[in-house]
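Chains, contacts and geometry: an overview
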Amino acid sequence: MRVVLAEDLFLLQNGLVRMLEAYDCEIVAAVDNGPDLLAALLELRPDVAVVDVRMPPTFTDEGLQAALQARREAPGLPVLVLSQYVEQLYARELLADGTGAVGYLLKDRVFDSDQFVDAVRRVAAGGTVMDPEVIAKLLAHNAHTEPLGALTPREREVLALMAEGRSNAAIAERMVVTERAIAKHTSNIFLKLDLQPSDEDNRRVLAVLAYLNT
Amino acid sequence: MSRSMADRVEESLPWFRERLVALGRCLVLHLLVYPGLLCAALAGFAFVGLGFGAGALLLPLAVLAVRRMADQRRELATRWTGTVVEAPYPRRPVFPAGATGVRQWVRWLRSDPATRRDLTWLLLDPVVGGLLALLPVALVLEGVYGFVVCANVRWMSSTGYGDWFVLMHAHYGHGGDLAAISAMGVGLVLLGLWSAPKVLPVYGRWTRSLLAPTPEVQLASRVRQLTETRSEAVDAQAAELRRIERDLHDGAQARLVAMGMNLSAAAQLLEKHPAEAKEMLLEARNASAQALNELRDLVRGIHPPVLSDRGLGDAVRALALDSALTVEVGVDLPGRLEAPVESAAYFTAAEALANAAKHSGGQRVWIDILHRDGRLLMTIQDDGAGGADPAKGGGLRGLERRLAPFDGILVLNSPVGGPTVLTVELPCELS
């Protein structure tokens, strides 16, 4: 897997390079500012980019802007955004184009390297990975509004795990039920959110989008 | 022909109405002279009595009465004459209780330059302001009197006297004179009506000349206000730093210490008890995650990253997304605000939103942010039950303190039954 890494803090960049290489990723470029990131993304077209939000030269949301710009020019370019804090606003911006293949995680999540690398892989494969904290805020905000109000608590739980980017198998394991039970839940969710049968991955992305956009 | 006449009459109605209103105002302003004279008499007694000691009791009463009177006139002048007249009085300092306090209060009242100007006004106003306001009223009355003369001329003539009206002798049988008198009366009434709205601004200028604060007083009150807000801002900053220090000390710092201890314990246990060492390491990892969480919350409280990233508009949108209520945000800002203003406005919105969620009982909030004529205008309205009491809400006072160094104004309008509308006005430039 070819990875472009954007992180301006040397220690963290180093740590991420080592971690990703240990999981058989090839770091094709490691940059430390917004303009370089944009150039690297458009030139190298990696399988996935791991991007820090705040970088030089402005030390604001440079990384996020570069990632969004790259995805406007190359739709669906897989990007996993890392940040010291998560904002629903940024999550929505990342999800807005509806092409999936995005992730948005707190930097803390790199502590668990297995899980983190799993998230990187899922984004590279076109999945959507949202930080549990984004999802918790959404749950607090949208529990009673349409169309999510139509979902049962169990279905909402499944949808939340789906938004974290987990597969049916992983959700089943987490909720201690069979994968078939989860498949039933997901098809109910698709039905209630009025998502037409198309390819499964796309519907998952759309369901998560519906979830995040209420 | 008659139709167009009626039209003309109808068209001139607003002209008359406006002038009648102005005339009425002149009349009221003139009549106010008489209670003013009473007040002046009271003040005179007080000053004469001062020599005998009795005035010490009467003086503050007189000064306060004069102030009330002057305040009323300032308000009327501002409302009716288009001349804004602000009060020049400084805020009352805190005096000790008992006789010394009363003595200090009296001295403070007497030495206030505004008191002297008030008294000068009180003496001159019956002459200047009173006559000025009387002028249009007198013209109209004199004109009306002309008609009275005409109507009564037969009776008056029969007594053998006749009557005079503005240099014209009215006598029964002299139809030409009566016509002239009537014309004169109409002329005077019209002149009076015409002059009433012209007199009002002059009256306003007169009132302002003595009742408005002098430049020195304005400067002094500005300095006082700046001193107050500066010391409040410094206090608030110091309190904020103390809070941050405490949060760091009890939170992240403590967790880092625990982490270090766990790590060194793990290093010692690594060879002999690898299982326990692993547990220690996991604990250290959790502690670091918790420390990060606490630091994140702390940073949000100091200056939310989204605010520095995107500015006020998006930061308030982010707030709206995190709120438990349904919040609609409208932003019309062509540029970024200065950082301190941006931060003050952001925390005002955050506090207002939190209050709406906690107390209003409403479901929806509308936030509008725009920049006009060098001012940031922000309104936050909810659909709740209203009845928010600014005196009770310590949060509101805190917001005022936050906005005061920027000369920001905060207005809370919350009638019982709702809606609650908070309006913030902050002078600032866009970059």
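Residues numbered from 1 in each chain as written. Chains lettered and ligands numbered in written order. Predicted model: local features only at pLDDT ≥ 70, side-chain atom pairs only at ≥ 80, totals over all residues. Heavy atoms only, no water.

An unreviewed UniProt entry annotates chain B as histidine kinase originating from Streptacidiphilus cavernicola. Turning to chain B, the UniProt record has this under Catalytic activity (unreviewed entry): "ATP + protein L-histidine = ADP + protein N-phospho-L-histidine." (UniProt positions renumbered as here; feature names shortened; annotations may be inferred.)

Going by what an unreviewed UniProt entry lists, chain A is known as Response regulator and is assigned to Streptacidiphilus cavernicola.

**Things to note about the pairing of strand β3 (residues 48–52) of chain A**
Residues and elements named next belong to chain A. Where burial is concerned, most of β3 is hidden: 5 out of the 5 residues are buried. What you see with β3 is no split at all: Val 48, Val 50 and Asp 52 on one side and Ala 49 and Val 51 on the other are buried throughout. In terms of strand pairing, strand β1 (residues 2–6) meets β3 through 4 bridges, oriented parallel. From the neighbouring strand, Val 4 faces β3, where its bridge partner is Ala 49. In terms of strand pairing, β3 meets strand β4 (residues 79–83) through 4 bridges, oriented parallel. The residue of β4 that forms the bridge with Val 50 is Leu 80. Taken together, β3, helix α3 (residues 62–73) and β4 constitute a β-α-β crossover, and its handedness is right-handed. (Buried < 20%, exposed > 50% of the residue type's maximum accessible area, 1.4 Å probe, protein only. Helix = DSSP H or I, 4+ residues; strand = E, 2+ residues; numbered from the N terminus. Pairing = 2+ DSSP bridges. Right-handed = clockwise from strand over helix to strand, strands pointing away.)

**Topic: the sheet that holds strand β5 (residues 375–382) of chain B**
Residues and elements named next belong to chain B. The 5 strands lie next to each other as β3-β4-β5-β7-β6, forming an open sheet whose pairing is mixed. Unpaired on one side and paired on the other, β3 (326–332) and β6 (409–413) mark the two borders of the sheet. Along the sheet, successive strands turn relative to each other by an average axial angle of 10 degrees, direction set aside. Bridge analysis of β6 against strand β7 (residues 421–427) gives 5 bridges, and the strand direction is antiparallel. For Val 411, the partnering residue across the bridge sits in β7 and is Thr 423. Across the sheet, helix α11 (residues 312–322) lies against β3, β4 (364–372) and β5, angled at about 175 degrees from β3, the strand it touches most. Running over the sheet, helix α12 (residues 339–360) touches β3, β4, β5, β6 and β7 and is turned about 10 degrees from β5. (Axes fitted to C-alpha atoms, helices over the stretch in contact; angles between N-to-C directions. Contact = heavy atoms within 4.5 Å.)

**A look at the domain arrangement of chain A**
As a measure of interface size, the accessible area lost when the parts come together is often cited. All names here are of chain A. Along its sequence, chain A is organised into domain 1 (2–130) and domain 2 (135–213). For the domain 1 and domain 2 pair, buried surface summed over both sides reaches about 1100 Å², with 52% attributable to carbon and sulfur atoms. Considering only the surface of domain 1 that becomes buried against domain 2, Gln 88, Arg 92 and Met 130 emerge as the three largest contributors, covering 40% of it. Across the domain 1-domain 2 interface, the total number found is 2 residue pairs in polar contact (both at pLDDT 80 or more). Elements with a minimum of two residues in the side of domain 1 that touches domain 2: α4 (88–95), α5 (113–124) and β6 (128–130). (Domains from an automatic or database assignment. Buried area = accessible area lost by both parts, 1.4 Å probe. Polar contact = N/O pair within 3.5 Å; in protein donor to acceptor, adjacent residues only side chain to side chain.)

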